[in-house]
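Coordinates in review
Residues per chain are reported as follows:
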Amino acid sequence: MKYEITKIGGLECVVRYPKDYTEKEKHPVILLLHGAGSRGNDISVLRNNPYFLITEKHMDFPFITIAPLCNKDSWFELMHKLEIIVCEIKNMNCVDAERVYAMGASMGGYAVWQLTMNLPNAFAAIIPICGGGMYWNSRRLTGTAVWAFHGDSDKVVFTEESVKMVNRINEDGGNAKLTIYKDTGHDSWVATYSDYNVFRWF
């Protein structure tokens, strides 16, 4: 897989291309929003994010991954830039605009929930991991397929945060499901990134 560092929407991003990448074809894209541990101005930290280290082992991984670096205290300070990034992604010649997905863990999970509420028609599906959001706005998510993940022993972001989001979406007529890992703390992203069936679902 080929990696490059570039700026999209004013933010530094790690971009990874599938091994069969060609600009002449349309590819599905995962917008990856990292957690608080990768914040700052050192893009090399993001390159070593567990997502990249784990998914490199998946054979024939078909997605372009675009991972911006959060250079503020939280993604919420950069939400407008994330919205610009989504628009730019959809306009790229190499992107299948009907197959743009969002995935994020912890702080990134919160951001995935919120970004999708802000842009309810932007993503074909989302995977928020150990995050939460404004469940009272769940009607804005009913048009997007959702698969959330959380550890049952998470003491940083309580499992109930994902439960509330998924339940309210489904009560409003949406399509959301939740996987809760037993005996797992905040690092539920490890099991999620390691399961290729998650990406097949995309």
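In this text the structure is predicted, and so the values were computed from the model without any measurement.

1. Quick look at the pairing of strand β8 (residues 176-181)
The pairing of strand β7 (residues 145-151) with β8 spans six bridges and is classified as parallel. In the sheet register, His-150 faces β8, and the bridge partner there is Ile-180. Following the chain from β7 across helix α5 (residues 160-171) to the adjacent parallel β8, one finds a crossover that is right-handed.

2. Concerning the pattern of salt bridges
Under the criterion given, the structure shown has five salt bridges. Measuring nitrogen to oxygen at the nearest pair gives 3.7 Å for the salt bridge that ties Arg-139 to Asp-172. Here Asp-172 lies in the loop between α5 and β8 and Arg-139 lies in the loop between β6 (125-129) and β7, a separation of 33 residues in the sequence. For Glu-161, the salt bridge identified is with Lys-164, shortest N-O distance 3.5 Å. Of this pair, Glu-161 and Lys-164 both sit in helix α5, three residues apart, which is roughly one turn of the helix.

3. Details of the sheet that holds strand β3 (residues 27-33)
With mixed pairing, eight strands are arranged side by side in an open sheet as β1-β2-β4-β3-β5-β6-β7-β8. The sheet is open, and its two borders are formed by β1 (2-8) and β8, each paired with just one other strand. Across this sheet, the average inter-strand angle for adjacent strands is 20°, counted without regard to direction. Strand contacts of helix α4 (residues 107-118): β3, β5 (95-105), β6 and β7, with the helix running at about 140° to β5, the strand carrying the most contacts. Its contacts with the sheet place α5 against β7 and β8, and it is angled at close to 155° to β8.

4. A few points about unusual backbone geometry
The backbone of Cys-130 shows a phi angle near 40°, a positive value even though the residue is not glycine. Using a relative accessible area of 0% as the deciding quantity, one classes Cys-130 as buried. Positive phi, close to 55°, is recorded for Asp-183, a residue that is not glycine. Inspection of the secondary structure puts Asp-183 in the loop between β8 and α6 (189-194). The exposure class of Asp-183 is exposed, given its relative accessible area of 71%.

5. Focus on α4
With 12 residues, α4 should cover 16 Å at 1.5 Å per step; its first-to-last C-alpha distance of 16 Å lies within 8% of that length. Counting buried positions along α4 gives 10 out of 12 residues, so the element sits mostly inside the fold. Buried within α4 are the following residues: Met-107, Gly-108, Gly-109, Ala-111, Val-112, Trp-113, Gln-114, Leu-115, Thr-116 and Met-117. In the core, the buried residues of α4 are packed alongside β3, α3 (79-90), β5, β6, β7 and α5.

6. A word on the packing of α3 against α4
Between α3 and α4, the least distance of the axes is 11 Å, while the angle of their chain directions is 65°. The angle between α3 and α4 places the two elements in the roughly perpendicular class. Read as a crossing pair, α3 and α4 show a hand that is right-handed. In this structure, α3 uses Met-79, Leu-82, Glu-83 and Val-86 to contact α4, whose residues at the interface are Ala-111, Gln-114, Leu-115 and Asn-118.

7. Comments concerning the packing of aromatic side chains
According to the stated counting rule, one finds 18 aromatic pairs in the structure shown. Considering the side-chain rings of Phe-63 and Tyr-101, the 6.1 Å spacing of their centres and the 85° angle between planes classify their relative orientation as edge-to-face. Here Tyr-101 lies in strand β5 and Phe-63 lies in the loop between α2 (50-55) and β4 (64-68), a separation of 38 residues in the sequence. Accessibility assignment for this pair places Phe-63 and Tyr-101 in one class, buried.

Reading the values: rules and limits
Residues numbered from 1 in each chain as written. Predicted model: local features only at pLDDT ≥ 70, side-chain atom pairs only at ≥ 80, totals over all residues. Heavy atoms only, no water. Pairing = 2+ DSSP bridges. Helix = DSSP H or I, 4+ residues; strand = E, 2+ residues; numbered from the N terminus. Right-handed = clockwise from strand over helix to strand, strands pointing away. Salt bridge = Lys/Arg side-chain N within 4 Å of Asp/Glu carboxyl O. Axes fitted to C-alpha atoms, helices over the stretch in contact; angles between N-to-C directions. Contact = heavy atoms within 4.5 Å. Buried < 20%, exposed > 50% of the residue type's maximum accessible area, 1.4 Å probe, protein only. Expected span 1.5 Å × (residues − 1). Parallel < 35°, antiparallel > 145°, perpendicular 65-115°, else oblique. Left-handed = near helix turned anticlockwise from the far one by under 90°. Phe/Tyr/Trp six-rings, centres within 6.5 Å; stacked < 30°, edge-to-face > 60°.

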